[in-house]
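Geometric and topological summary
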Amino acid sequence: GVRLYFDLKVDGRASIISAYRSGLARAVPLFIVNVVFMIILIIALGLPMALFAAIDVPALGLLLLPAFLYLGGVMAPLAPAVVVEARWISAIGRSIQLTKDYRWPIVGALLLMYLIMFGISLVALPIAAMFAFAGVIGIVLAAIANVAINVLIYGLLIALLTVIYTRLREIKEGTSIESVAGIFD
């Protein structure tokens, strides 16, 4: 997704094969970085939530909602940093550095995107599910429609995260999109 964005933005065309090749080359580092981030998230926020539930006041867990949102803003450029800059664990620090002074606006953009994604799902998935009542072929069509909807939804999210990453690099480092995209050449 990151590669497709840069190809489309710079060249006006995209190669899905090149995008898959780039994605596969970064799949292991991206997986490892996401696992490390999830462990950090569980320790930082999951343990307090468990404590609140243990003392039988689960509503206190809602007090951690702003912290979850804030961490989402901090880590928004994580995947593009792994893909574009070929970073591993240092991508977490890079994400923290890039988002400084812009975290709450990023949270707003992410919330808006999640609302859009929810709206698309709310409309499209029930329509896709109606195919399932048409026998085996209907079930296959429903599965294909479900995959297409998910590709659209997560494609939008990846595009947003890539735009956030690129824009932060432009603002903070004066880097043009063309020079960032040049790493794929």
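Please read these numbers as outputs of a predicted model, since none were measured by experiment. (Residues numbered from 1 in each chain as written. Predicted model: local features only at pLDDT ≥ 70, side-chain atom pairs only at ≥ 80, totals over all residues. Heavy atoms only, no water.)

Moving on to helix α6 (residues 90-99). Residues of α6 that are buried include every one of A91, I92, R94, S95, L98 and T99, and no others. Each buried residue of α6 lies within a common arc of 160° when the element is viewed along its axis, so the set occupies one face. In this structure, the buried side of α6 is in contact with α3 (27-54), α4 (65-74), α5 (78-85), α7 (103-130) and α8 (135-173). Just beyond α6, the residue with positive phi is D101, at close to 75°. (Buried < 20%, exposed > 50% of the residue type's maximum accessible area, 1.4 Å probe, protein only. Helix = DSSP H or I, 4+ residues; strand = E, 2+ residues; numbered from the N terminus. Arc of directions from axis to C-beta. Contact = heavy atoms within 4.5 Å.)

With that settled, the discussion passes to unusual backbone geometry. The phi dihedral of A86 falls on the positive side, at around 55°, and the residue is not glycine. With respect to the helices and strands, A86 occurs in the loop between α5 and α6. Positive phi outside glycine occurs at D101, with the angle close to 75°. Among the structural elements, D101 can be located in the loop between α6 and α7.

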